[in-house]
Amino acid sequence: MDFKYDVIVIGAGHAGCEAAAAAANLGSKTCLITMDMNKIAQMSCNPAVGGIAKGQIVREIDALGGYMGLVTDKTAIQFRMLNRSKGPAMWSPRAQCDRAKFIWSWREILENIPNLHIWQDTVEELIVENGEVTGLVTCWGVTFHAKCIIITAGTFLNGLMHIGRKMLAGGRCAEPASYHLTESITKHGITAGRMKTGTPVRIDAKSVHFDMMDTQDGENDFHRFSFISEPRKLKQLQCWTCYTNEEVHSVLNRGLADSPLYNGQIKSIGPRYCPSIETKIVTFPDKPQHQLFLEPEGETTQELYLNGFSSSLPMDIQIEALKKIPCFKDVVLYRPGYAIEYDFLDPTQLKHTLESKIVRNLFFAGQVNGTTGYEEAGGQGIIAGINAHINCHGGEPFVLSRDEAYIGVLIDDLVTKGVDEPYRMFTSRAEYRILLRQDDADFRLTEKAYKLGLVKKDRYDRLCKKREEIEKIIEFTKTYSIKADKINDGLESLGTARLVHGCKLIDLISRPQITIENIAPLVPTFKALLDKTEDRKEEIIEAAEVQIKYKGYIDRERMIADKIHRLESIKIKGKFDYDTLLSLSTEARQKLKKIDPETLAQASRIPGISPSDINVLLVLMGR
């Protein structure tokens, strides 16, 4: 072994795995360094992937040739498509996974990538020469040399765990923290800060009274995370729900004096959108209950995860409070909840490629950039891995814009706005969310990945075939004429208005009560066309229906996005007295006046500025 690589990735969490796989699959000689090869892609908190907007990111990772979606489908023990009652821009896949199988599925993938080597060790120091990273030194005294290094250290940089007044160094429960690496980074002028996150108790299922809980079943239809995976193989399991009560809150309040969040022990900021149970009772003192979700950790294990009960209160308080909930009156824990503080690096010091502006060829991805969540980490990881390979072998930087991917929104938010709390993705952060649906991630990104060499020809051909099938369905609906007298009885049975005159089939499918599935039996020629669809029929039909029903919204949002692309060079600084623009929202006037952006495109990325505010400025610029 010569310990010389093109790309070295430090940390084998979700960002590190995607980064290492991308760089190696593109052809870079890559090394993934991890403290523990048995904890690769460990799900440190909830054993689940996806959720609101997060599910879209996983679909994008998959469309780019990443592996998170494939591993999730292979290890899923419950799947749900969230927000189905809303429009398709809001649909978000989510899956509970078998934690142990998830790790080993990832490890099997990584060990079999030809250009990828895994090394178990802890990195202590970066080697930087003339403003460029050239290598690193580990705690075993091994010196590595590399053209590019990607740091994906998660919560391990100077990690400190808290349970009540008890503090213990570590990056995760029973795992050591990483020391000296932060200082090795910051001495070159890179700014670090501290953040906090937490995790709930893990419960022994044998001690739970499930008859006192409500069940939450999954879905077992055609939806999956990956565009190329097979149907789910593992046994599909239930989740359960219950609620806290005022007795629980009374016990928790009694423990607040020993809470690290409120006694000054923890000074860093935690995730606003995933608060601890003690934060909930302090923030919402009048709320008599909070919903909790009990979720399985695996297909066969008795270990359960109590979603909604994240806490760093003393262990005896956590147990006493839980016993006040009827279904947990005899509860037995595997371990208590705890909080963890860790170092992060200021993401505004990064380029959109995730390369440092200060140290050349040094990249950062994942929680070290101030984000929270496996999905956000994985999305950053694949972009960092791609660009590290490009830095080694040449080519144009690979950057996704805000209208191309949630990953583009995520990275642009990080590098242009920075973070003052752990960043979590939401659909509301994307101004073009109708364009960034979970169903069309492959149309947006797979061709880009194919041109990079990250997606192979067979998958690209499959995408082209899918596109042809969808276009064939849409074109048929545009040209096929429906006669009123032959379909009116069927329309009435579907709860929609009868036709007075004939129309095209596409006009019927545009009605809210009509779907391709329920109209097809009434139009035999159309049904025959659909029956000829071979691969992933349901997925193709759903994608065609979304394009038909939402064409007006999609076209309008694409027009707005195209305008914004042209506005990157249009200067607005000093051209408006924002106080006088009453057609703008009050928040928009205040933010625009305070920040005074250089360009209209920059204005569009200020938090609180809506697409309608930008449209107002567009009209005024035209005048």
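Residues numbered from 1 in each chain as written. Predicted model: local features only at pLDDT ≥ 70, side-chain atom pairs only at ≥ 80, totals over all residues. Heavy atoms only, no water.

A. Molecular detail of helix α8 (residues 315–322). All of the buried residues along α8 are Ile-317, Gln-318, Ala-321 and Leu-322. Down the axis of α8, the buried side of the element spans an arc of 125°, and every buried residue falls inside it. Contacts from the buried residues of α8 go to β10 (160–163), α6 (246–254), β17 (303–307) and β18 (333–335). (Buried < 20%, exposed > 50% of the residue type's maximum accessible area, 1.4 Å probe, protein only. Helix = DSSP H or I, 4+ residues; strand = E, 2+ residues; numbered from the N terminus. Arc of directions from axis to C-beta. Contact = heavy atoms within 4.5 Å.)

B. The pairing of strand β8 (residues 132–138), seen in detail. Along β8, five of the seven residues are buried, which leaves the element largely enclosed by surrounding structure. Two strands pair when backbone bridges link them, and strand β7 (residues 123–129) and β8 are joined in this way by six bridges, in the antiparallel orientation. In the sheet register, Leu-126 faces β8, and the bridge partner there is Leu-136. As consecutive antiparallel partners, β7 and β8 are separated by two residues, and within that stretch Asn-130 has a phi angle of approximately 55°, a positive value. In this structure, β8 lies alongside strand β9 (residues 143–151), joined through three bridges in antiparallel fashion. Bridge pairing links Leu-136 to Phe-144 in β9. Joining the antiparallel neighbours β8 and β9 is a turn of four residues, in which Gly-141 adopts a positive phi near 80°. (Pairing = 2+ DSSP bridges.)

C. Fine view of the layout of surface pockets. When its volume is computed, the second largest pocket comes out at roughly 720 Å³. Contributing to the lining of the second largest pocket are 29 residues, with Asp-413, Lys-417, Arg-429, Pro-607 and Gly-608 lying nearest its centre. Those elements that provide at least two residues to the lining of the second largest pocket are α10 (406–417), α18 (551–566) and α21 (611–622). Here the lining of the second largest pocket is built from residues that sort into 14 nonpolar, five polar and ten charged. (1 Å grid on protein atoms, 1.4 Å probe; cavity = no way out; pocket = protein on both sides within 12 Å on 5 of 7 lines; lining within 4 Å. Points joined across faces, edges and corners; volume = space filled by probe spheres on them. Nonpolar A, V, L, I, M, F, W, Y, C, P; charged D, E, K, R; others polar.)

D. Layout of the sheet that holds strand β5 (residues 92–97). On the basis of which strands lie adjacent, the open sheet formed by three strands has the order β3-β5-β4 and antiparallel pairing. Each edge of the open sheet carries a strand with a single partner, namely β3 (48–50) and β4 (76–82). Ignoring strand direction, the axes of neighbouring strands in this sheet form an average angle of 15°. Direction of pairing for β3 relative to β5: antiparallel, over a ladder of three bridges. Note on β5: the bridge partner recorded for Ala-48 is Gln-96. Set on the sheet, helix α2 (residues 54–63) makes contact with β3 and β5; between it and β5 the angle comes to about 85°. (Axes fitted to C-alpha atoms, helices over the stretch in contact; angles between N-to-C directions.)

E. Quick peek at the environment of Tyr-480. Here Tyr-480 is to be found in the loop between α12 (457–479) and β21 (481–482). For Tyr-480, a relative accessible area of 26% gives the class partly exposed. It is 8.1 Å that separates the C-alpha atoms of Tyr-480 and Ile-506, two residues lying 26 residues apart in sequence.

F. Layout of the side chain of Asp-6. Relative to the assigned elements, Asp-6 resides in strand β1 (residues 4–10). Residue class for Asp-6 comes out buried when judged on its relative accessible area of 12%. The residues touching Asp-6, leaving out its near neighbours within four places in the chain, are Gly-27, Ser-28, Lys-29, Ala-146, Lys-147, Cys-148, Cys-392 and His-393.

G. Here's a closer look at the packing of aromatic side chains. One pass over the structure, following the stated rule, counts 13 aromatic pairs. With a centroid separation of 5.8 Å and 80° between ring planes, the pair formed by Phe-79 and Phe-225 is classed as edge-to-face. Remark: Phe-225 occurs in the loop between β14 (214–216) and β15 (239–243) and Phe-79 occurs in strand β4; sequence separation between them is 146 residues. One aromatic cluster is present, formed by Phe-3, Tyr-5, Trp-119 and Phe-144 through successive ring pairs. Sitting above the plane of the Phe-227 ring, Arg-59 keeps its charged end 3.9 Å from the centroid. (Phe/Tyr/Trp six-rings, centres within 6.5 Å; stacked < 30°, edge-to-face > 60°. Lys NZ or Arg CZ within 6 Å of the ring centre and 35° of its normal.)

H. Structural detail: the packing of helix α1 (residues 14–26) against helix α4 (residues 99–111). Here α1 crosses α4 at 20°, and the two axes come no closer than 11 Å. On the basis of the axis angle, α1 is roughly parallel to α4. Classified by chirality, the crossing of α4 by α1 is left-handed. Facing α1, whose interface residues are His-14, Cys-17, Glu-18 and Ala-21, α4 presents Phe-102, Trp-106 and Leu-110. Classifying every residue of the contact of α1 with α4 gives five nonpolar, one polar and one charged. (Parallel < 35°, antiparallel > 145°, perpendicular 65-115°, else oblique. Left-handed = near helix turned anticlockwise from the far one by under 90°.)

I. Structural view of the pattern of salt bridges. Using the criterion set out here, one finds 47 salt bridges in the structure. Across the pair Arg-402 and Glu-431 runs a salt bridge whose closest N-O atoms are separated by 2.9 Å. One end of the pair, Arg-402, is in the loop between α9 (374–393) and α10; the other, Glu-431, is in the loop between α10 and α11 (441–452), with 29 residues separating them in the sequence. When salt bridges that share partners are traced, they join Glu-60, Arg-437, Asp-439, Asp-440 and Arg-444 into one network. (Salt bridge = Lys/Arg side-chain N within 4 Å of Asp/Glu carboxyl O.)

J. A look at the environment of Cys-327. Examined against the element boundaries, Cys-327 turns out to sit in the loop between α8 and β18. On the accessibility criterion, Cys-327 (2% relative accessible area) is buried. Linking Cys-327 and Val-500, residues 173 residues apart in sequence, is a C-alpha distance of 58 Å. Residues contacting Cys-327, with those up to four places away along its chain left out, are Ser-207, Val-208, His-209, Met-212, Met-213 and Cys-242.

K. View of the environment of Lys-287. Take Lys-287: it is sitting in the loop between α7 (277–283) and β16 (291–296). Overall, Lys-287 belongs to the partly exposed group, its relative accessible area being 43%. With 273 residues separating them in the primary sequence, Lys-287 and Ile-560 have C-alpha atoms 41 Å apart.

L. Quick look at the sheet that holds β17. Pairing is antiparallel across the open sheet formed by six strands, whose spatial order is β14-β15-β16-β17-β13-β18. Both outer strands of the open sheet, β14 and β18, are each paired with one neighbouring strand and no more. If you compare each strand with its neighbour and ignore which way they point, the axes differ by 35° on average. Alignment of β16 against β17, held across four bridges, turns out to be antiparallel. In the sheet register, Glu-295 faces β17, and the bridge partner there is Tyr-305.

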